Amino acid sequence: MVRIAVAGTGYVGLVAGVCFAEVGHQVTCVDIDENKVNVMRSGVSPIFEAGLEELMQKNYSAGRLNYTTDYQSAYRDADAIFIGVGTPEQPDGSANLSYIATVARQIAESVEKDCLVVVKSTVPVGTNDKVEQFIRDFLVNDVRVEVASNPEFLAQGSAVHDTLHADRIIIGTESKWAQEMLMQIYEPFHLPIVSVNRRSAEMIKYASNDFLALKISYMNDIANLCELVGADIQDVSRGMSFDERIGSKFLNAGIGYGGSCFPKDTKALEYIAKQHGYELKTVKAAIDVNEEQKKILYKKASKRLITLHGLKVAVLGLTFKPGTDDLREAASLENVPLLLEQGADIYAYDPVGAENFARIYPEGKHGRGSITYVDHIEHALDGANVCFIFTEWGEVKAITPEMYKKLMRTPLVYDGRNIHSVAQMQEAGVEYHSIGRKHTS
Ligand code: NAD
């Protein structure tokens, strides 16, 4: 058993803390947000992740898991302190490291025994060298503190599963002591561990995320070309997927990647390269394609319709992907303002993301347009002139072509996730536009 403190209870920190407790470690999760801490203490998860709340309750009752805002008491006698605070994008594309710096300072002022600080947050290559130096510069007590890199690869929506069954654990250390401590922490997970130096670990995170972003943008680029030359992207990706060198995952075309990681990690790596006088052309291309792709449905609809003013527009799905309540960099956030600007009356449905979205776009008038949130898909579709699909939630996938035909005033559907069959939509009399496939118009 290792005494672990975790700084930050977001998607990464909370899930890591809960899973460490689940395998038998003694864990204290720290957050500056008192509200969040109180919510967690009452057994409720502040984020929507399958299976998380059950594990929180189980390990809290077992006395292996605690939550606090009192970082001093949590860090004072920890064997290892994991940092999972945010590293958001700054206007120039670089990562904002101020949250990491604050935690580093708090650690330096609190630790009373030797401890390993493990950075889970995604940070630019070389950051952990600086974090180590920073902590040592501010240490109040005469103790040994080392910093290790342990980047996180979980995907939101399946975060608990991804943590307990990760493909690999990357540990980046500069000493045997640090390496052995991390081995001990991860031993009960029985997962493959790749042990490298700190800078390589930091780079593995960016290189992996940006490779996936590249794969998505590549498929979207090919999808756009498919439309122009009369090929079908789904057939193309199926054909590609049998090639083991390519792999079968991340071959779906759509309206681009969103979320808190791919957009910022592509820009951050491009920025790091630039700082070193190197142009990372491939990653830059992935960023450019994605920016265009996010607006592609809106552009298609604008070509097809004289105006959106006064039209009832059904918007299905607001979150950046299904299984999460996270809206960061979601395609909806790009498209809804455009639709409102054009005077659309939006009826938006999302099974978990509507509340968060309403904080940004409260229900009611917005300029010439308006937005209303509905609890049932039918209410969004009823009498609608046009429908946009931004997130492939199960309940959205379950809509039959006949429902669009029956409920909508004009069955005109723009699908950013290619969830319906072109042939079936056509057969039902729905005008259906998707990505990289043959249109029915
Ligand atoms: P998040 O924004 O959801 O959570 C960060 C939490 O840290 C917040 O609850 C905030 O209140 C807390 N915090 C801020 N300052 C603090 C302090 N001084 N002490 C304690 N808590 C503090 O962030 P996230 O999505 O979990 O991402 C965290 C990091 O992990 C980022 O670097 C991100 O790039 C990386 N990452 C995220 C994912 C993902 O899917 N979200 C996956 C892999 C890696």
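All figures in this text were calculated on a predicted structure; none of them were measured in a lab. (Residues numbered from 1 in each chain as written. Predicted model: local features only at pLDDT ≥ 70, side-chain atom pairs only at ≥ 80, totals over all residues.)

Details of the packing of helix 9 (residues 198–229) against helix 12 (residues 281–293)
To keep things clear, this is the line we draw: For helices, the axis comes from a line fit to the C-alpha atoms of the stretch in contact; other axes are also lines fit to C-alpha atoms, and the angle between any two N-to-C directions lies between 0 and 180 degrees. A run of H or I in DSSP counts as a helix once it spans at least four residues, and a run of E counts as a strand once it spans at least two, with each numbered from the N terminus. An angle below 35 degrees is read as roughly parallel, one above 145 as roughly antiparallel, one from 65 to 115 as roughly perpendicular, and any other as oblique. It is the rotation of the near helix from the far one that decides the hand of a crossing: anticlockwise by less than a right angle makes it left-handed, clockwise makes it right-handed. Placing C-beta atoms from the backbone, we regard two residues as in contact once those atoms come within 7 Å. Side-chain classes follow a simple rule in which Ala, Val, Leu, Ile, Met, Phe, Trp, Tyr, Cys and Pro form the nonpolar group, Asp, Glu, Lys and Arg form the charged group, and the remainder, Gly included, forms the polar group.
At a minimum axis distance of 9 Å, the contact between helix 9 and helix 12 shows a crossing angle of 55°. With respect to each other, helix 9 and helix 12 are oriented oblique. Remark: the crossing between helix 9 and helix 12 carries left-handed chirality. For the pair formed by helix 9 and helix 12, the contact residues are Asp210, Ala213, Leu214, Ser217, Asn220 and Asp221 on the first element and Thr282, Val283, Ala285, Ala286, Val289, Asn290 and Gln293 on the second. Class assignment of the residues belonging to the contact of helix 9 with helix 12 gives a composition of six nonpolar, five polar and two charged.

Overview of the pairing of strand 8 (residues 193–196)
Counted only if it meets this: Strand pairing is assigned whenever DSSP identifies at least 2 bridges connecting the two strands.
As judged from the four bridges shared by strand 7 (residues 169–172) and strand 8, these two strands associate in the parallel manner. Residue pairing in the sheet places Ile169 in a bridge with Ile193 of strand 8.

Re the site of the ligand
Convention followed: In this analysis, residues qualify as near a molecule or strand once their C-beta atom, positioned from backbone atoms, comes within 6 Å of it.
As a matter of local geometry, the ligand sits amid 26 residues, with Gly8, Gly10, Val12, Ser121 and Thr122 nearest to it. Secondary-structure elements contributing two or more residues to the shell around the ligand are helix 1 (11–22) and helix 5 (98–110). Considering only residue class, the shell around the ligand consists of 10 nonpolar, 12 polar and four charged.

A word on unusual backbone geometry
Keep this limit in mind: Neighbour density around each residue's C-beta defines its exposure: 20 or more other C-beta atoms within 10 Å make it buried, 12 or fewer make it exposed, and counts between make it partly exposed, where C-beta atoms are placed from the backbone.
The phi dihedral of His190 is positive, around 50°, even though this residue is not glycine. Relative to the elements of secondary structure, His190 occurs in the loop between helix 8 (176–186) and strand 8. Accessibility expressed as a C-beta count within 10 Å gives 10 for His190, which makes it exposed. With phi around 60°, Glu329 is a residue other than glycine that occupies positive phi space.

Structural notes on the domain arrangement of the chain
Rules: Just so you know, the domain bounds were taken from an automatic or database domain assignment.
Taken domain by domain, the chain consists of domain 1 (3–195), domain 2 (205–292) and domain 3 (294–433). Distance from the C-alpha centre of domain 1 to the C-alpha centre of domain 2: 30 Å. If you look at the interface, domain 1 gives 12 residues, while domain 2 gives 10 residues. Of the residues in the side of domain 1 that touches domain 2, the class split is six nonpolar, four polar and two charged.

What about the packing of helix 11 (residues 262–275) against helix 12?
Where helix 11 meets helix 12, the closest approach of the two axes is 9 Å, and the angle between their N-to-C directions is 145°. At the point where helix 11 passes helix 12, the crossing takes the left-handed sense. On the side of helix 11, the interface is formed by Thr266, Lys267, Leu269 and Glu270, while helix 12 contributes Val283, Lys284, Ala286 and Ile287. Of the residues belonging to the contact of helix 11 with helix 12, the class tally is four nonpolar, one polar and three charged.

Notes on the UniProt feature "domain: UDP-glucose/GDP-mannose dehydrogenase C-terminal" (unreviewed entry) in the chain
Inclusion rule: UniProt positions are given in the numbering used here, feature names are shortened, and annotations may be inferred rather than shown by experiment.
In the numbering used here, UniProt assigns the feature "domain: UDP-glucose/GDP-mannose dehydrogenase C-terminal" (unreviewed entry) to residues 314–422. In this annotation, residues 314–422 is assigned 32% helix and 22% strand; the end-to-end C-alpha distance for the span is 19 Å.

Side note on helix 3 (residues 52–61)
Short version of the rule: Note that the arc is computed from the directions linking the helix axis to the C-beta atoms.
Every buried residue belonging to helix 3 is among Leu52, Met56 and Asn59, and all of these are buried. The arc that holds the buried residues of helix 3, viewed along the axis, is 85°, so those residues lie on one side. Buried residues in helix 3 make contact with helix 1, helix 2 (34–41), strand 3 (65–68) and helix 7 (159–164). At the exit of helix 3 stands Gly63, carrying a positive phi of roughly 80°.

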